[in-house]
Amino acid sequence: YRKAASAAGLPTFVLVGPSGAGKTAFTMLTERGTVPTTHTSTAPLSIEALLPDPHIPASSNYRSPGDPAFERARRFIILDTPGHGKLRSYSTNTLADPKNVRGIIFVVDAAAIDEEAGLNEAAEYLHDVLLSLQKRYTDAKTSKGPKEIPVLVAANKMDLFTALPATSVKSKLEKAISAVRNNRAKALRDAGAKLSGEDDVDEEKEWLGEGGEGSFDFDQMREIGTTVDVVGGNVSQGRNAGDVAGWWSWIGEQL
Ligand code: GTP
Ligand code: MG
């Protein structure tokens, strides 16, 4: 009880991404420092963690370890969600009402991205996550817009020799998201034409990023206050913990 009460209101990072990407493994590594055997998740899991040394919360750059404000700033929550296509309502619901959400971490298997099926699944899911952030932004009543929610694409499994480097993961995802965006728009037009003969579907609202003929890139999300960083890492290395310093450092920048 006490733990739940004290954890209330802590900044939350939501882990999303395809099944098998390594979300639960990363959650465990962050909570305990070790990587146990994981099984595909069927329910969301929320854990409280401390930003590990030597990472520093951006808000307390000038404070020192031991200072109560520094120690408080290191605390955060990870909300791990199931990646299976049929269980995504958990993450969709959280993203629709992102109270306390300080950032979204989209975990992908950087080796799976090299195959068409893996790439398309990741691109469709990431497209939908970004579109829900865009809708939240454009629906907001305040003229200033809601607080920006940054996205980290955590390109995992860099220990595998088949893993693509982070720069390729980025360009492949951008290209595949361009295709998803075109396909969705075409499907909407077809559905609209069938329904009424008029184009009354709010196409613009369903279009991710900049309009026009150009292709999609993550920088287009800046317009809605969302930065997208793609950073490589590996949760595990054989049976041991791997290297996710880049992701913890990204979390620290948001704290
Ligand atoms: P769902 O719960 O189904 O959404 O999947 P998940 O994203 O939670 O995946 P999970 O953390 O369960 O990891 C899936 C598998 O990938 C497990 O067998 C992990 O041990 C393995 N795995 C995770 N991280 C790495 C990594 O960095 N390198 C390698 N080689 N395997 C990893
Ligand atoms: Mg899982």
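Rules used throughout
Residues numbered from 1 in each chain as written. Chains lettered and ligands numbered in written order. Predicted model: local features only at pLDDT ≥ 70, side-chain atom pairs only at ≥ 80, totals over all residues. Heavy atoms only, no water. Pairing = 2+ DSSP bridges. Helix = DSSP H or I, 4+ residues; strand = E, 2+ residues; numbered from the N terminus. Axes fitted to C-alpha atoms, helices over the stretch in contact; angles between N-to-C directions. Expected span 1.5 Å × (residues − 1). Buried < 20%, exposed > 50% of the residue type's maximum accessible area, 1.4 Å probe, protein only. Near = heavy atom within 4 Å. Polar contact = N/O pair within 3.5 Å; in protein donor to acceptor, adjacent residues only side chain to side chain. Areas by Shrake-Rupley, 256 points an atom, 1.4 Å probe, with all protein chains shown as cover. Nonpolar A, V, L, I, M, F, W, Y, C, P; charged D, E, K, R; others polar.

Novice: Before we go on, may I ask you to explain the sheet that holds strand 4 (residues 101-109) in this structure?
Specialist: Strand pairing in a sheet is mediated by backbone hydrogen bonds. Such pairs are either parallel or antiparallel. Pairing is mixed in the open sheet, where 6 strands are placed in the order 2-3-1-4-5-6. Among the strands making up the open sheet, the edge pair consists of strand 2 (45-50) and strand 6 (228-232). In this sheet, adjacent strand axes meet at a mean angle of 25 degrees when their direction is disregarded. The pairing of strand 1 (residues 12-16) with strand 4 spans 5 bridges and is classified as parallel. Looking at strand 4, one finds that Val16 is bridged to Phe106.

Novice: What exactly am I supposed to notice about helix 5 (residues 116-139) here?
Specialist: Since the α-helix packs 3.6 residues into each turn, any two residues three or four apart lie on the same face. Taking 1.5 Å per residue, 24 residues should reach 34 Å; helix 5 reaches 34 Å between its end C-alpha atoms and fits that length. Taken residue by residue, helix 5 has Gly118, Leu119, Ala122, Ala123, Tyr125, Leu126, His127, Val129, Leu130, Leu131, Leu133 and Gln134 as its buried positions.

Novice: Can you help me understand the site of ligand 1 in this one?
Specialist: In the vicinity of ligand 1 there are 20 residues, among which Ser19, Lys23, Thr38, Thr40 and Gly83 approach most closely. With respect to ligand 1, the backbone of Ala21 contributes an N or O atom lying 3.2 Å from an oxygen atom. Asp159 places a side-chain nitrogen or oxygen 2.8 Å from a nitrogen atom of ligand 1. If ligand 1 stood free it would expose 650 Å²; the protein chains cover 82% of that surface. Taken together, the residues that form the shell around ligand 1 break down as 6 nonpolar, 11 polar and 3 charged.

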